Amino acid sequence: MTTPAPFDKIALLNQTFSGLDDEELRDLASLTELHTYPPDCVLCHEGAYEEVFYIIASGQAETTKKISDNEGQRLLRMAGPGDYFGEMALIQKAPRAATVRTVSDCTVLEMGKADFEAMLSRSPRMALSIIRSTLDRMRSNDQMAIAELQRTNKVLAMLDRNKLEFIQVAAHELRTPLTVIKGYMSVLKFNPGIRADATLAEVLEGIEKGSERMHEIVNAMLDVTRIDSEKLQLHPVPVPVKSVVNDTVRDVLRSASGRHLTINIEHDADTPTINADPTMIQKALYHLVMNAVKYTPDGKEVTIRTRPVVMDKNRPGVEVVVKDQGIGLDPEHHELIFEKFYQVGAVALHSSSKTAFKGGGPGLGLAIARGVARAHGGKLWVESPGHDEVNYPGSTFFLQLPVDPQAPDGAARA
Ligand code: ADP
């Protein structure tokens, strides 16, 4: 560190804080010291409590911030003569929010914390000028962050599209051989030799169940690509929600015949018929009821209730509530479980049966169910006190659908 020849501090301070009178400038100059630093010298250390305010007289310094271990440092700005830094940590009494490093020989005016604070209280004009430039800097940092987010968002959307395309191709490629396998199996099923052999018949039944499960997964993959790529075409007709619920429960009970669970159905007498795509509604309900069965241990109950509701914007709607006495869900997963392929906990721990307690799935059911709800102008959410495999607090899924997805708002109609 060297001290250079006399320097016109007043001229620099006048350039930095416009509008200060001569006395303020003189006061300020008397409290600063001039120092010169070589390139690559760190003046502010991110995270450290430091007590110096700097004004650049000549040379340049860069401000960088650590984003993450992977991304390293991000350049926030380059500062040159007349720019200052280090004031935010002093005002906030906080650690440095970024690192400042000289990129050339850099001469700076330095002021200690006590003098800086005294000067701020003596000169409202200086305080105002600092506030103004700090706000400008924050606004430009905001704009930088927003631009960065927009770029990242575009990349994520592109990756998501690629993923969807891959799922779609994979599902189509799997469907053809699966159909062939199923065709051959139905031939084998009627073969007298196999029918007569108990072991072979059992093996065939196993293959059949396996290929049915694969078929279901392939269909779920196709459903999710349709929903996600917004290619979902609704064919709305009057759908009697009560009977769709009853049929769904019957289907699920048939698949889960080995499980010892009670499924209660409670329909409000006024549960309306809605205008909706019946296949889609049936799929959404199937995933919800199947999940309730999958994540509830034997001996417990699942209850499904339907009732009329008034949705947002005064739209008349129907609510289907699927309440289980299962393992429950911690709040941090309440939104994430609706993302495709999201599963709570270690996937490897899940069994592969579709109805076994905690039986694994591809993580698509809830993404499909929410997609269906949204495509109809409805919503789907979960409430649960948390995950607990001792006390089984349970989860409650709420599906709300408008009576008529294409109708204008109820308020507007009324
Ligand atoms: P999966 O095919 O894995 O069941 P879903 O999209 O249907 O996929 O569900 C995503 C995750 O949400 C599941 O892996 C599970 O961890 C959690 N989940 C869904 N339903 C319930 C429920 N009723 N109780 C507890 N956890 C649930």
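Everything numeric in this text was worked out from a predicted model, so none of it was measured.

S.K.: Report on the overall build of the protein, specifying residues and quantitative values.
M.R.: The helix and strand inventory of the protein stands at 11 helices and 15 strands. The C-alpha radius of gyration of the protein comes to 33 Å, more than 25% above the 22 Å expected for a compact globule of 414 residues. Residues classed as buried in the protein amount to 39% of the 414 residues present. Across the protein, every contact between residues at least 6 apart in sequence was considered, and the portion connecting residues at least 24 apart equals 76%. For the protein, the accessible area works out to roughly 22400 Å², and carbon and sulfur atoms hold 55% of it. One finds the centroid of the 46 positive side-chain charges in the protein at a distance of 6 Å from the centroid of its 55 negative side-chain charges.

S.K.: An account of the packing of helix H4 (residues 113–122) against helix H5 (residues 124–189) is needed here, citing residue identities and associated values.
M.R.: Relative to each other, H4 and H5 sit at 105°, their axes nearing to 5 Å. What the angle tells us is that H4 and H5 run roughly perpendicular. Contact residues: Phe116, Met119, Leu120 and Arg122 in H4; Pro124, Met126, Ala127 and Ile130 in H5. Across the contact of H4 with H5, the residue classes break down as 7 nonpolar, no polar and 1 charged.

S.K.: With reference to specific residues and values, describe the site of the ligand.
M.R.: Taken together, 20 residues surround the ligand, and among them Asn291, Lys294, Asp324, Gly363 and Leu366 come closest. Between the ligand and Pro362 there is a distance of 3.4 Å, counted from an oxygen atom to a backbone nitrogen or oxygen. Gly363 is positioned such that a nitrogen or oxygen atom in its backbone is 3.0 Å from an oxygen atom of the ligand. Protein chains bury 98% of the 530 Å² of accessible surface belonging to the ligand in isolation. Given that more than half its atoms are within 2 Å of the pocket grid, the ligand belongs to the largest pocket. Sorting the residues of the shell around the ligand by element identifies helix H9 (278–294) and helix H10 (365–375) as the ones contributing at least two each. For the shell around the ligand, the element with the most residues is H9, which contributes 3 residues. Here the residues of the shell around the ligand are counted per class, giving 11 nonpolar, 7 polar and 2 charged.

S.K.: So what's going on with the sheet that holds strand S4 (residues 61–68)? Residues and values would help.
M.R.: Read across the open sheet, the 4 strands follow the order S2-S7-S4-S5; overall the sheet is antiparallel. Both edges of this open sheet fall to strand S2 (42–44) and strand S5 (72–79), since each of them pairs with a single strand only. Strand-to-strand twist of the sheet, defined as the mean angle between neighbouring strand axes without regard to direction, takes the value 35°. Inspection of the sheet shows S4 paired to strand S7 (residues 99–102) by 4 bridges, in the antiparallel sense. The partner of Glu62 across the bridge, within S7, is Arg101.

S.K.: Could you give an account of a nonpolar patch on the surface, with specific residues and numbers?
M.R.: On the surface, Leu128, Ile131, Leu135 and Met138 cluster together into a nonpolar patch covering about 380 Å² of accessible area. Examined against the element boundaries, Leu128 turns out to sit in helix H5. Judged by relative accessible area, which is 47%, Leu128 ranks as partly exposed.

Criteria and thresholds
- Residues numbered from 1 in each chain as written.
- Predicted model: local features only at pLDDT ≥ 70, side-chain atom pairs only at ≥ 80, totals over all residues.
- Heavy atoms only, no water.
- Helix = DSSP H or I, 4+ residues; strand = E, 2+ residues; numbered from the N terminus.
- Rg over C-alpha atoms; globule rule 2.2 N^0.38 Å.
- Buried < 20%, exposed > 50% of the residue type's maximum accessible area, 1.4 Å probe, protein only.
- Contact = heavy atoms within 4.5 Å.
- Areas by Shrake-Rupley, 256 points an atom, 1.4 Å probe, with all protein chains shown as cover.
- Lys, Arg positive; Asp, Glu negative; His and termini not counted.
- Charge placed at Lys NZ, Arg CZ, Asp CG, Glu CD.
- Axes fitted to C-alpha atoms, helices over the stretch in contact; angles between N-to-C directions.
- Parallel < 35°, antiparallel > 145°, perpendicular 65-115°, else oblique.
- Nonpolar A, V, L, I, M, F, W, Y, C, P; charged D, E, K, R; others polar.
- Near = heavy atom within 4 Å.
- Polar contact = N/O pair within 3.5 Å; in protein donor to acceptor, adjacent residues only side chain to side chain.
- 1 Å grid on protein atoms, 1.4 Å probe; cavity = no way out; pocket = protein on both sides within 12 Å on 5 of 7 lines; lining within 4 Å.
- Sits in = over half its atoms within 2 Å of the grid points.
- Pairing = 2+ DSSP bridges.
- Patch = residues over 30% accessible without salt bridge, like charges linked within 9 Å, V, L, I, M, F, W, Y side chains within 5 Å.
- Salt bridge = Lys/Arg side-chain N within 4 Å of Asp/Glu carboxyl O.

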